[in-house]
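Each chain, letter by letter, is given below.
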Amino acid sequence: MSDEKKIFIDEDWKSQVEKEKENFAQHAATEPAAEVDPYYLPPASFEMLVTTFASEAMVALGQLPNPFTNEHSISWEHARYTIDMLQVVQDKTKGNLSVDEATMLETLLHQLRLAFVTLQNEYNSQTAGGGLKL
């Protein structure tokens with residue numbers, strides 16, 4: 001049995017991202033220009049904004065590869081800043097979100113904070129033993 005700890009992210013977040021990918025694919029299929037235009041961007045939405053910040057936080061936590069280097073690395077300051085930005089979004093939009101949007105944001109913030117603390121604790125406990133394995 002391995003002593004290596006794994007971080008598990010709630011499947012709700014993953015299913016939300018998958019849903020957005022499917023919506024994008026459907027849009028691309030119905031919009032021929034989207035397939036031809038390499039600069040096409042999906043429509044702006046609250047979900048896309050939140051997902052963008054969440055993805056950035058996951059990259060900063062080493063859970064996703066950096067899109068520029070394709071490497072996993074941790075930047076505690078960047079992760080904390082991105083999570084704090086999502087908190088600002090939550091504070092500034094309070095009372096103006098649908099129940100689904102508010103729930104999604106609250107769940108994402110909880111998951112990212114939990115991942116941050118868990119990874120930081122694991123990193124601190126493994127620092128003397130050769131570092132954190134991603």
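For the structure itself, look to the data block above.
Since this is a predicted model, take the numbers as computed values, not measurements.

The rules behind the values
The residue numbering used here restarts from 1 in each chain and proceeds along that chain's sequence as written. For this predicted model, a pLDDT threshold of at least 70 governs which residues receive local features, and a threshold of 80 or more governs which side-chain atom pairs are given and counted, while totals over whole chains, interfaces and linings are taken from all residues. Note that water and hydrogens are dropped before the side-chain values are worked out from all heavy atoms of the structure. Think of it this way: any DSSP run of H or I at least four residues long counts as a helix, any run of E at least two long counts as a strand, and we number them from the N terminus. Three labels apply to residues, based on accessible area from a 1.4 Å probe with only protein chains included: buried if under 20% of the type maximum, exposed if over 50%, partly exposed otherwise in between. The contact definition used throughout considers only heavy atoms, calling two residues in contact when any of these lie within 4.5 Å. For the accessible areas, the method is Shrake-Rupley and the probe is 1.4 Å, while residue cover comes only from the protein chains on display. Each Phe, Tyr or Trp ring (for Trp, its six-membered ring) is paired with any other whose centre lies within 6.5 Å, and the angle between the two planes then decides the class: stacked below 30 degrees, edge-to-face above 60, tilted in between. As used here, the term nonpolar core means buried Ala, Val, Leu, Ile, Met, Phe, Trp, Tyr and Cys residues forming a set that is joined through side-chain atoms within 4.5 Å. Axis angles are defined between N-to-C directions and span 0 to 180 degrees, where every axis is a line fitted to C-alpha atoms and, for a helix, only to the segment in contact. Angle categories: roughly parallel below 35 degrees, roughly antiparallel above 145, roughly perpendicular from 65 to 115, and oblique for all the rest. Each residue gets one of three labels, nonpolar for Ala, Val, Leu, Ile, Met, Phe, Trp, Tyr, Cys and Pro, charged for Asp, Glu, Lys and Arg, and polar for the others, Gly among them. Each residue after the first adds 1.5 Å to the expected span of a helix. Directions from the helix axis toward the C-beta atoms define the arc.

Student: Please clarify how the overall build of the chain should be interpreted in this entry.
Tutor: Scanning the chain from terminus to terminus reveals five helices and zero strands. Going from N to C terminus, the chain has its helices and strands arranged as α-α-α-α-α. Counting over 134 residues, the chain shows a buried share of 28%. Long-range pairs, those at least 24 residues apart, make up 59% of the contacts in the chain with a sequence separation of at least 6. Total accessible area on the chain stands at roughly 9300 Å², and carbon and sulfur atoms take up 56% of it.

Student: Sorry, what's going on with the packing of aromatic side chains here?
Tutor: The description of an aromatic ring pair uses the distance of the two centres, along with the angle that the planes make with each other. Applying the stated rule across the entire model yields two aromatic pairs. Ring geometry for Trp76 and Phe116: centres 5.5 Å apart, planes at 80 degrees, overall edge-to-face. One end of the pair, Trp76, is in helix H4 (residues 76-93); the other, Phe116, is in helix H5 (residues 99-126), and 40 residues separate them in sequence. Here Trp76 matches Phe116 in class, with each residue buried. With a centroid separation of 5.8 Å and an interplanar angle of 65 degrees, the aromatic rings of Trp76 and Tyr123 are classed as edge-to-face. Of this pair, Trp76 sits in helix H4 while Tyr123 is found in helix H5, placing the two residues 47 residues apart along the sequence. Tyr123 sits in the partly exposed class, given a relative accessible area of 32%. Members of the aromatic cluster, connected to one another through ring pairs, are Trp76, Phe116 and Tyr123.

Student: Would you explain the nonpolar core in this entry?
Tutor: Among soluble globular proteins, nonpolar side chains are generally buried collectively. Core analysis: the biggest nonpolar cluster contains 21 residues, and Val50, Leu61, Leu86, Leu105 and Leu112 have the highest contact counts within it. Of all the secondary structure elements, the ones that give two or more residues to this core are helix H3 (46-60), H4 and H5. Of the residues forming this core, the biggest block, eight residues, is contributed by H5. Setting aside residues no more than four positions away along its own chain, Leu86 makes contact with Val50, Phe53, Ala54, Leu105, Leu109 and Leu112.

Student: Looking at this structure, I do not really get the packing of H3 against H5. What am I missing?
Tutor: Two packed helices can be described by the angle between their axes and the distance between those axes. The geometry of H3 relative to H5 is characterised by a closest axis approach of 11 Å and an angle of 5 degrees between their N-to-C directions. The angle between the axes of H3 and H5 places the two elements in the roughly parallel class. Two secondary-structure elements touch here, H3 through Phe46, Glu47, Val50, Ala54, Ala57 and Met58 and H5 through Glu101, Met104, Leu105, Leu108 and Leu112. A per-class count over the contact of H3 with H5 returns nine nonpolar, no polar and two charged.

Student: Any chance you could explain H3 here in plain terms?
Tutor: Residue pairs spaced three or four apart in an α-helix point in one direction, given the helix's 3.6 residues per turn. Between its terminal C-alpha atoms H3 stretches 21 Å, which fits the 21 Å expected from 15 residues at 1.5 Å a residue. Within the span of H3, buried status applies to Phe46, Val50, Thr51, Phe53, Ala54, Ala57, Met58 and Ala60. Just past H3, the residue Gly62 takes up positive phi, approximately 75 degrees.

Student: I keep staring at H4 and nothing clicks. Help me out?
Tutor: With 18 residues, H4 should reach 26 Å at 1.5 Å per residue; the first-to-last C-alpha distance of 26 Å fits that figure. For H4, the set of buried residues is Trp76, Ala79, Thr82, Ile83, Leu86, Val89, Gln90 and Thr93. Angularly, the buried residues of H4 cover 150 degrees about the axis, an arc narrow enough to put them on a single face. Of the exposed residues in H4, the ones pointing more than 90 degrees away from its buried face are Glu77, Tyr81 and Lys92. At its buried positions, H4 is contacted by H3 and H5. Within two residues after H4, Gly95 carries a phi angle of roughly 85 degrees, on the positive side.

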